[in-house]
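# Summary of structural features
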Amino acid sequence: MYYFEVGMSNQITSKGQVTIPKRIREFLGVKPGAAVDFEATTDGRVVIVAAGRKLIGKKKPSRFAALRGTATVKMTTQQIMALTRGGE
């Protein structure tokens with residue numbers, strides 16, 4: 001893990017913005033307009049990482065992730081609707 005000099009503190013603006021010090025931006029390889037992610041660690045710290053580079057394991061899958069995909073059932077819309085309506 002890399003550490004930077006102690007005392008690198010910044011003020012938060014009224015808009016909730018913070019300037020990322022140049023050494024950190026260079027280390028992360030981020031340029032103006034680049035996306036960054038903030039990740040909470042188990043010890044209560046928040047870590048900034050360049051978007052797409054995850055520090056912690058994969059994010060918990062969405063509860064809808066299992067539902068994504070394409071239909072493979074060879075049924076007509078009328079047949080599917082009859083099933084969902086209880087055969088009315």
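Residues numbered from 1 in each chain as written. Predicted model: local features only at pLDDT ≥ 70, side-chain atom pairs only at ≥ 80, totals over all residues. Heavy atoms only, no water.

### Points about the overall build of the protein
Per the secondary structure count, the protein includes two helices and two strands. By residue count, 9% of the 88 residues in the protein fall in the buried class. Sequence-distant contacts in the protein: of pairs separated by 6 or more residues, those separated by 24 or more amount to 6%. Carbon and sulfur atoms form 56% of the exposed surface of the protein, whose accessible area is close to 8,300 Å². (Helix = DSSP H or I, 4+ residues; strand = E, 2+ residues; numbered from the N terminus. Buried < 20%, exposed > 50% of the residue type's maximum accessible area, 1.4 Å probe, protein only. Contact = heavy atoms within 4.5 Å. Areas by Shrake-Rupley, 256 points an atom, 1.4 Å probe, with all protein chains shown as cover.)

### Re the confidence of the model for the protein
Note that predicted coordinates carrying low pLDDT should not be read in detail. Averaged over every residue, the pLDDT of the protein is 78; residues scoring 70 or more account for 75%. Mean pLDDT across the elements of the protein ranges from a minimum in strand β2 (residues 46–50), with 84, to a maximum in strand β1 (residues 36–40), with 86. (pLDDT = per-residue confidence, 0-100.)

### Remarks on the pattern of salt bridges
Under the counting rule described, the total for this entry stands at two salt bridges. As a salt-bridge pair, lysine 22 and glutamate 26 come within 3.8 Å of each other at their nearest N and O atoms. Of this pair, lysine 22 and glutamate 26 both sit in helix α1 (residues 22–28), four residues apart, which is roughly one turn of the helix. Classification of lysine 22 as exposed rests on a relative accessible area of 54%. Here arginine 45 and aspartate 43 are joined by a salt bridge, their closest N and O atoms 3.0 Å apart. (Salt bridge = Lys/Arg side-chain N within 4 Å of Asp/Glu carboxyl O.)

### Description of the pairing of β2
Of the strand pairs in this sheet, β1 and β2 are connected by five bridges, and their pairing is antiparallel. By the bridge assignment, aspartate 37 is partnered in β2 with valine 49. Between β1 and β2, which pair antiparallel and follow one another directly, the connecting turn spans five residues, one of which, glycine 44, has a positive phi of 90 degrees. (Pairing = 2+ DSSP bridges.)

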